[in-house]
Amino acid sequence: MARVIRRPLLLLAAVSVAIVVSLVRPAAAVRPFVLVLSVDDFLKDSSAHPSLPSADSAGAGADADADADEWDDFADDSPAADPLLSPSSWVPLLDPTSSPPSGDEPDSPADSLFVAGARAMLSAASEGDEVAFVTAAAQIEAAATAGHPGAQSALAFLSGAGMTRPASRSRAFLLHKFAADAGDLQSKMAIAYSYFRQEMYEEAVTLYAELAEAALTSSLISKEPPVIEPIRLHSGTEENKEALRKSRGEDDEDFQITEYQAQRGNSAAMYKLGLLYYYGLRGLRRDYVKAFHWFSKAVEKGDTRAMELLGEIYARGAGVEKNYTEAYKWLTLAAKQQHYSAYNGLGYLYVKGYGVEKKNLTKAREYFKLAADNKEAGGHYNLGVLYLKGIGVKRDIMEACNHLLQAVNAGQPKAIYQVAKLFQKGIGLKKNLHMATMLYKSVAERGPWSSLSRWALESYLKGDVGRALLLYSRMADLGYEVAQSNAAWILDRYGDQSICMGESGFCTDMERHLRSHALWWQASEQGNEHAALLIGDAYYYGRGVARDYERAAEAYMHAQSQSNAQAMFNLGYMHEHGHGLPLDFHLAKRYYDQAVAVDSAAKLPVMLALTSLWLRKNYADSFLVRFIDSLPEIYPVVEEWVEDVLLDEGNATILTLFACLVTVLYLRERQRRQVAAANPQQPDGGAPM
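Procedures and definitions
- Residue numbers run consecutively from 1 along every chain, following the written order of its sequence.
- Restriction of local features to residues with pLDDT of at least 70 applies here, the model being predicted, together with a cutoff of 80 or more for giving and counting side-chain atom pairs; totals for whole chains, interfaces and linings are based on all residues.
- Only hydrogens and water are set aside when side-chain values are computed; all heavy atoms of the structure are taken into account.
- Think of it this way: any DSSP run of H or I at least four residues long counts as a helix, any run of E at least two long counts as a strand, and we number them from the N terminus.
- Only protein chains enter the accessibility calculation, which uses a 1.4 Å probe; a residue is then buried when its area is under 20% of its type maximum, exposed when over 50%, and partly exposed in between.
- Contacts were defined at the residue level, with two residues in contact if any of their heavy atoms lie within 4.5 Å.
- Shrake-Rupley sampling with a 1.4 Å probe provides the accessible areas, and residues are treated as covered by the protein chains on show and by no other component.
- Using a 1 Å grid laid over the protein atoms alone, points where a 1.4 Å probe fits but cannot get out form a cavity; open sets with protein on both sides within 12 Å along at least 5 of 7 lines form a pocket; any residue with an atom within 4 Å of a point counts as lining.
- Grid points are joined across faces, edges and corners, and a volume is the space filled by probe spheres set on the points.
- Fitting a line to C-alpha atoms yields each axis, with helices limited to the stretch in contact; the angle taken between N-to-C directions then spans 0 to 180 degrees.
- Should an angle lie under 35 degrees it is considered roughly parallel, over 145 roughly antiparallel, and from 65 to 115 roughly perpendicular; all remaining angles are considered oblique.
- If you view the pair so one helix is near and one far, a crossing is left-handed when the near helix is turned anticlockwise from the far one by less than a right angle, and right-handed when it is turned clockwise.
- Pairing of aromatic side chains here covers Phe, Tyr and the six-membered ring of Trp, requires ring centres within 6.5 Å, and sorts the geometry by plane angle: under 30 degrees stacked, over 60 edge-to-face, intermediate tilted.
- A ring is considered to have a charge above it if a Lys NZ or an Arg CZ atom is located within 6 Å of its centre and within 35 degrees of its normal.
- The definition used for a disulfide is geometric: two cysteine sulfur atoms within 2.5 Å.
- pLDDT measures the predictor's confidence residue by residue and takes values from 0 up to 100.
- Whenever a carboxyl oxygen of Asp or Glu lies within 4 Å of a side-chain nitrogen of Lys or Arg, that contact is scored as a salt bridge.
- A helix's residues, less one, multiplied by 1.5 Å, set its expected span.
- What the arc covers is the set of directions going from the helix axis to the C-beta atoms.
- Each polar contact in these results corresponds to two N or O atoms within 3.5 Å; when the atoms are within protein, one needs to be able to donate a hydrogen and the other to accept it, and residues that are neighboring in sequence are counted only if both atoms are side-chain atoms.

Caption draft 1: Inspection of the overall build of the chain at higher detail. Counting secondary structure elements, the chain contains 33 helices and six strands. Classification of the 689 residues of the chain by burial places 52% in the buried group. Restricting to contacts in the chain with at least 6 residues of sequence separation, those with at least 24 account for 59%. Put simply, the chain shows about 31900 Å² of open surface, and 53% of that area lies on carbon and sulfur atoms.

Right, dumping it as structure tokens:
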């Protein structure tokens with residue numbers, strides 16, 4: 001059976017009974033995370049909370065002031081430093097236009113060693129140079145010994161993966177701990193993910209909360225925004241060619257057509273081009289200057305949609321000098337054209353008193369409500385903050401929760417962060433550290449360290465598979481599910497190439513299989529049912545691990561619990577043959593039926609499998625059934641050809657299909673002979689007249 005098409009998740013919403021919240025990243029390639037809240041998740045008594053901020057907390061003491069500052073989402077954004085430029089950042093090594101990791105300060109010997117080692121490691125991965133990689137790792141280790149946190153973080157990555165040294169999770173954790181204690185955010189991500197995997201939510205939630213805050217801060221000031229289009233290199237077991245084609249940036253044919261149309265004066269193309277540059281979509285580097293240029297041109301041509309974004313650009317000072325008066329002008333013009341997101345921007349200006357005569361909380365609330373009433377996530381989020389803190393309105397925790405959850409449903413990062421905080425502190429919602437950790441993690445993964453995926457993708461598109469694998473593996477160490485599955489897929493697909501570094505030289509087949517298996521397993525833990533399916537296949541066929549039908553069944557059960565039709569089919573097959581599961585024709589049929597119910601594409605394979613099941617049930621000791629069961633031994637060459645050519649990941653299905661084909665041919669031949677015997681006057685095979 002061909003790999004099934006994943007069904008989209010259905011998002012439902014009910015005001016009082018349940019709220020279904022989807023943390024959908026803006027890329028369709030990324031699995032949605034669905035949070036279901038019932039009335040039991042809300043506090044029955046959501047009145048005053050000892051740590052809840054309020055608008056009248058001023059003068060109530062130092063603790064109240066501290067709480068108010070912590071919750072103040074309308075404070076001026078003036079962070080001291082960009083977390084992108086932390087000592088362990090690989091970005092300056094990948095992008096020559098970036099500042100060096102240590103900023104303007106003179107390099108220390110440890111800095112020089114780390115930069116030289118990391119740069120050499122990336123180069124060696126590209127060129128498949130085993131000796132150079134070992135030398136680079138030695139430089140990184142020397143810098144780590146000297147106490148450089150970035151080198152400690154990189155060495156932890158190498159130790160955990162087993163590159164140029166024996167794999168050691170304990171040593172990797174210790175090195176990450178040293179780096180994290182010195183302020184390294186990437187190592188904090190790795191440690192938080194380690195705690196998360198072990199369900200140590202008390203420890204994980206604290207780290208992810210800090211990282212989520214850093215991610216939100218960086219999105220406001222960093223030249224390199226959080227990556228919002230993580231792309232899977234594969235769809236099932238095939239290369240995701242369409243998504244990859246659209247990620248080629250300015251080399252993409254669609255982009256070139258849009259650019260040509262914009263240059264010819266097409267206002268819609270100008271607006272689209274501005275969006276691509278403003279958000280850094282479709283593989284483009286974010287470029288505020290170009291975005292401003294095309295938005296301005298679009299407005300000149302009469303496209304009013306760009307007005308709101310011009311207002312946002314002036315308010316943020318993105319590509320132009322910050323100018324709140326201009327921001328107010330453009331947002332007002334956009335609002336008059338019924339672009340409701342502009343109302344949200346106007347509300348913010350009135351909350352802050354920027355570009356207007358004075359602060360006006362009443363007007364701010366009215367604008368936020370207009371935006372929210374027209375399904376603008378930002379409006380819901382800002383109303384939630386007002387009700388949570390009692391700014392210009394009577395504080396109402398339930399109303400705040402409802403608005404914040406609406407914003408979360410639209411994937412608003414700040415709303416996700418605030419709802420995580422509500423779960424963490426038990427304000428309005430019952431304290432739930434597991435849920436808080438999940439939500440914080442989704443925001444933290446938008447941080448600047450995620451920009452590595454852009455260089456990984458660019459490397460892959462350019463054919464530099466070695467560097468792509470190294471970068472995806474680094475991100476996998478930080479807990480990114482897409483990076484885990486991409487790295488595992490590269491290891492499986494390009495196993496015959498010198499792109500994987502093992503303990504002593506290039507990876508052996510066993511090392512490559514084990515590393516791929518570990519990555520698929522981590523991705524499976526984070527909800528990737530395709531990963532669970534491949535783990536089952538690995539155990540079923542003994543790829544990289546000892547053949548173990550029971551473990552295969554366990555992995556297929558995990559994938560089946562995520563509504564994977566292929567896993568259901570495989571479980572039916574295992575019950576039919578008693579491989580790792582009890583021989584049970586009734587359960588086999590149940591799983592086959594479930595596969596069809598989940599995905600109609602399984603109809604033909606299931607029909608053939610049910611035919612085989614019927615024959616096995618009614619003619620258990622017949623020659624035909626014995627022949628079917630002997631196929632794997634009688635035709636190993638055919639089986640190998642099927643696995644290598646038709647279904648490169650292997651599948652129990654193919655033997656069933658082949659057996660059923662033999663069955664159909666046998667029955668047709670028997671029917672032909674019976675017809676010939678009953679009608680001796682008819683020629684063999686002829687139809688009666």
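Caption draft 2: Fine view of empty space enclosed by the protein. By the definition in use, this model includes four cavities of 30 Å³ or more. The calculated volume of the largest cavity comes to roughly 90 Å³. If you trace the largest cavity, you find 16 residues lining it, with Ala-125, Phe-133, Ile-499, Cys-500 and Met-501 closest to the centre. For the lining of the largest cavity, the elements supplying multiple residues, two or more each, are helix 3 (109–127), helix 4 (130–145) and helix 22 (465–477).

Caption draft 3: Focus on the packing of helix 17 (residues 377–389) against helix 18 (residues 397–409). At a closest axis distance of 7 Å, the pairing of helix 17 and helix 18 adopts a crossing angle of 155°. The angle between helix 17 and helix 18 places the two elements in the roughly antiparallel class. Handedness of the crossing formed by helix 17 with helix 18: left-handed. Two secondary-structure elements touch here, helix 17 through Ala-377, His-380, Tyr-381, Leu-383, Gly-384, Val-385, Tyr-387 and Leu-388 and helix 18 through Ile-397, Glu-399, Ala-400, His-403, Leu-404, Gln-406 and Ala-407.

Caption draft 4: Structural view of the packing of aromatic side chains. This model, assessed by the stated rule, comprises 19 aromatic pairs. Ring centres 4.9 Å apart and planes at 75° place the aromatic pair Tyr-278 and Tyr-279 in the edge-to-face group. In this structure Tyr-278 comes out as buried when scored by relative accessible area, which is 1%. Residue classification places Tyr-279 among the partly exposed residues on the basis of a relative accessible area of 32%. Taking the centre distance of 5.8 Å and the plane angle of 20° together, the rings of Tyr-343 and Tyr-367 count as stacked. Residue Tyr-343 is located in helix 15 (residues 341–352), and its partner Tyr-367 is located in helix 16 (residues 361–373); the two are separated by 24 residues in the primary sequence. Neither residue differs from the other here; Tyr-343 and Tyr-367 are each classed as buried. Across the ring face of Trp-455, the terminal group of Arg-454 is positioned such that the distance to the ring centre comes to 4.0 Å.

Caption draft 5: Fine view of unusual backbone geometry. Located in the positive-phi region is Glu-199, a residue other than glycine, with phi close to 60°. Here Glu-199 lies in the loop between helix 7 (185–197) and helix 8 (201–221). We classify Glu-199 as exposed; its relative accessible area is 58%. The phi dihedral of Lys-375 is positive, around 65°, even though this residue is not glycine. Note that Lys-375 resides in the loop between helix 16 and helix 17.

Caption draft 6: Just the state of the cysteines, in detail. The full count for this structure, using the stated rule, is one disulfide. Across a sulfur-sulfur distance of 1.9 Å, Cys-500 and Cys-507 are joined as a disulfide pair. Taking the sign of the S-S torsion, about -55° here, the bridge from Cys-500 to Cys-507 comes out left-handed. Residue Cys-500 shares its accessibility class with Cys-507, and that shared class is buried.

Caption draft 7: Summary view of the confidence of the model for the chain. Residues at a pLDDT of 70 or more form 75% of the chain, whose mean pLDDT is 80. Confidence drops under a pLDDT of 50 for residues 77–85, and excluding neighbours within four residues, the segment shows 21 contacts in the predicted structure. Overall, residues 102–106 carries pLDDT values under 50, and its contacts beyond four positions in sequence, including any with other chains, amount to three contacts.

Caption draft 8: Quick look at the pattern of salt bridges. Using the criterion set out here, one finds 24 salt bridges in the structure. Of the charged contacts in the structure, one is a salt bridge between Glu-481 and Arg-232, with a shortest N-O distance of 2.7 Å. Within this pair, whereas Glu-481 is found in helix 23 (residues 481–493), its partner Arg-232 is found in the loop between helix 8 and strand 3 (234–235), the two being separated by 249 residues in sequence. Accessibility assignment for this pair places Glu-481 and Arg-232 in one class, buried. Among the salt bridges present, the one from Asp-252 reaches Arg-245, with a minimum N-O distance of 3.1 Å. Residue classification places Asp-252 among the buried positions, given a relative accessible area of 2%.

Caption draft 9: Geometry of helix 16. Taking 1.5 Å of rise per residue, the 13 residues of helix 16 would be expected to cover 18 Å, and the 18 Å separating its terminal C-alpha atoms lies within 8% of that figure. Every buried residue of helix 16 is listed here: Ala-364, Tyr-367, Phe-368, Ala-371 and Ala-372. For helix 16, the buried positions fall inside an angular range of 135° around the axis, keeping them on one side. Summarising the contacts, the buried residues of helix 16 are in contact with helix 15 and helix 17. Backbone nitrogen of Thr-362 and a side-chain oxygen of the N-cap are separated by 3.2 Å at the start of helix 16; the cap is Asn-360. Two residues or fewer past helix 16, Lys-375 is found with a positive phi of approximately 65°.

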